[in-house]
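# Overview (structure and organization)
Each chain is listed here by its residues.
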Amino acid sequence: MSGTAPECAPAPDSGEPVDRVGVVGCGLMGSGIAEVAALAGCQVTVVVSRPGSAVAGGDRIAASLTRAVSKGRVTEEQRDGALERLTFTTALDDLRDRQLVIECIREHEQEKLELFGALDRVVKNPAAILATNTSSLPISRIGRATTRPGQVIGAHFFSPVPAMPLVELISSLDTEETVHEQARLFVQGVLGKEVIRSADRSGFVVNALLIPYLLSAIRMVESGFATAEVIDRGMVLGCSHPLGPLKLADLVGLDTVRDIAAALYQEFKDPQYAPPPLLLRMVETGRHGRKTGQGFHTYDS
């Protein structure tokens, strides 16, 4: 990104630009969303569970922006400005004036429902959009945890957020069309992402197609038919995929793959979505992929 920051999108029914953004969670997804929003000129408040997470998240964003400077994608002035627009806090109450809040906690339904109930009480702006970055959970259930389900929408970003151009926007049966349009204007016009619209069904568009593919590769390893190395090499060289399915699963996080698969299976009861026992055992023993240094492949820390 170069040049001046784009103008922010107007908030629904308010006429004022969306320039006050909240992000809950500062893992890989939360820090990535916070980074692109701050770089786009928004004042971003990031809520974390503990002070140590703020330090780790801030360091992650600073390192990402510094890499972008070294590659000529942003200037030093843009990097420094983005970092100045970021605020970290452990207090959810600090989101009370936000116009848009994006939830990026782990893929656990009950935790998300409790968080959205809390956001409903905390965020005082009556026109605020409450967005979830869930990769699989129905938006309608999340929205019903609030008193304003019409202002709840799914905004599913992809990792790494600064590099990946796609965002899935998912409206529930309750989501107001004006909310979807304002979210689209923000994601496209301010963040510079491409948007596809999905119906509110578990997995949406991308993961409904991707997860069965990843699970098939895991079952192939589990059966002893082929090794992870052979499967990945075959799909990269034979199908021109940039990454094999098992390296991709490691990148996504095997715990996340398990959670998405479980949500898909709960909704559709289709055996292709059932998490294989090998995946369950790997997650139980802490082999979550790249982020833990070990999954189907081994990674340097």
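Each remark here, short or long, concerns the structure printed above.
Attention here is on the structure that accompanies the text. (Residues numbered from 1 in each chain as written. Predicted model: local features only at pLDDT ≥ 70, side-chain atom pairs only at ≥ 80, totals over all residues. Heavy atoms only, no water.)

We now examine the overall build of the protein. Looking only at helices and strands, one finds 11 helices and eight strands in the protein. Its C-alpha radius of gyration of 19 Å places the protein within 12% of the 19 Å reference for a compact globule of 301 residues. Principal-axis analysis of the C-alpha atoms gives the protein an extent of 60 × 45 × 35 Å. For the protein, buried positions account for 50% of its 301 residues. Restricting the contact set of the protein to residue pairs at least 6 apart, pairs at least 24 apart contribute 67%. Carbon and sulfur atoms provide 54% of the accessible area of the protein, an area that totals close to 13,800 Å². For the protein, the centre of its 30 positive side-chain charges and the centre of its 36 negative side-chain charges are spaced 4 Å apart. (Helix = DSSP H or I, 4+ residues; strand = E, 2+ residues; numbered from the N terminus. Rg over C-alpha atoms; globule rule 2.2 N^0.38 Å. Buried < 20%, exposed > 50% of the residue type's maximum accessible area, 1.4 Å probe, protein only. Contact = heavy atoms within 4.5 Å. Areas by Shrake-Rupley, 256 points an atom, 1.4 Å probe, with all protein chains shown as cover. Lys, Arg positive; Asp, Glu negative; His and termini not counted. Charge placed at Lys NZ, Arg CZ, Asp CG, Glu CD.)

The subject of this paragraph is the sheet that holds strand β8 (residues 194–198). With mixed pairing, eight strands are arranged side by side in an open sheet as β3-β2-β1-β4-β5-β6-β7-β8. One side of each edge strand has no neighbouring strand; the edge strands of this open sheet are β3 (86–89) and β8. On average, adjacent strands in this sheet sit at an angle of 25 degrees to one another, irrespective of strand direction. Alignment of strand β6 (residues 152–157) against strand β7 (residues 166–170), held across four bridges, turns out to be antiparallel. Residue pairing across strands places H156 opposite E168, the latter belonging to β7. (Pairing = 2+ DSSP bridges. Axes fitted to C-alpha atoms, helices over the stretch in contact; angles between N-to-C directions.)

Moving on, we come to helix α11 (residues 277–284). Of all the residues in α11, the buried ones are L279, M282 and V283. Along the axis of α11, the buried positions cluster into a sector of 95 degrees, meaning they face one direction only. Structurally, α11 contributes buried residues whose contacts are with α7 (206–222) and α10 (254–268). At the C-terminal side of α11, G286 shows a positive phi close to 80 degrees. (Arc of directions from axis to C-beta.)

Attention now moves to the side chain of S202. One can find S202 in the loop between β8 and α7. Its relative accessible area of 1% is what places S202 among the buried residues. Dropping the residues within four chain positions of it, S202 is found in contact with S136, A263, L264, E267 and F268.

Turning our attention to the packing of aromatic side chains. All told, the structure shown has one aromatic pair when counted by the stated rule. A ring pair is formed by F268 and Y273, whose centres lie 5.7 Å apart and whose planes are at 40 degrees; its orientation type is tilted. Accessibility expressed as a relative area gives 6% for Y273, which makes it buried. (Phe/Tyr/Trp six-rings, centres within 6.5 Å; stacked < 30°, edge-to-face > 60°.)

What follows concerns the nonpolar core. By size, the foremost hydrophobic cluster in this structure holds 42 residues, and its most contacted members are V44, F157 and F186. Element by element, the count of residues in this core is highest for helix α1 (residues 28–39), at seven residues. Residues contacting V44, with those up to four places away along its chain left out, are V21, V23, A34, A37, A38, R85, L86, T87 and R98. (Core = buried A, V, L, I, M, F, W, Y, C linked by side-chain atoms within 4.5 Å.)

It is at 5 Å that the axes of helix α9 (residues 245–252) and α10 come closest, and there the two elements cross at 95 degrees. One finds that α9 runs roughly perpendicular with respect to α10. Contact with α9, carried on its side by A249, D250 and V252, involves L254, T256 and V257 of α10 and no other residues of that element. Of the residues contributing to the contact of α9 with α10, the split by class is four nonpolar, one polar and one charged. (Parallel < 35°, antiparallel > 145°, perpendicular 65-115°, else oblique. Nonpolar A, V, L, I, M, F, W, Y, C, P; charged D, E, K, R; others polar.)

Once that is clear, we can look at the environment of I129. Inspection of the secondary structure puts I129 in strand β5 (residues 129–132). Here I129 falls in the buried class, since its relative accessible area comes to 4%.

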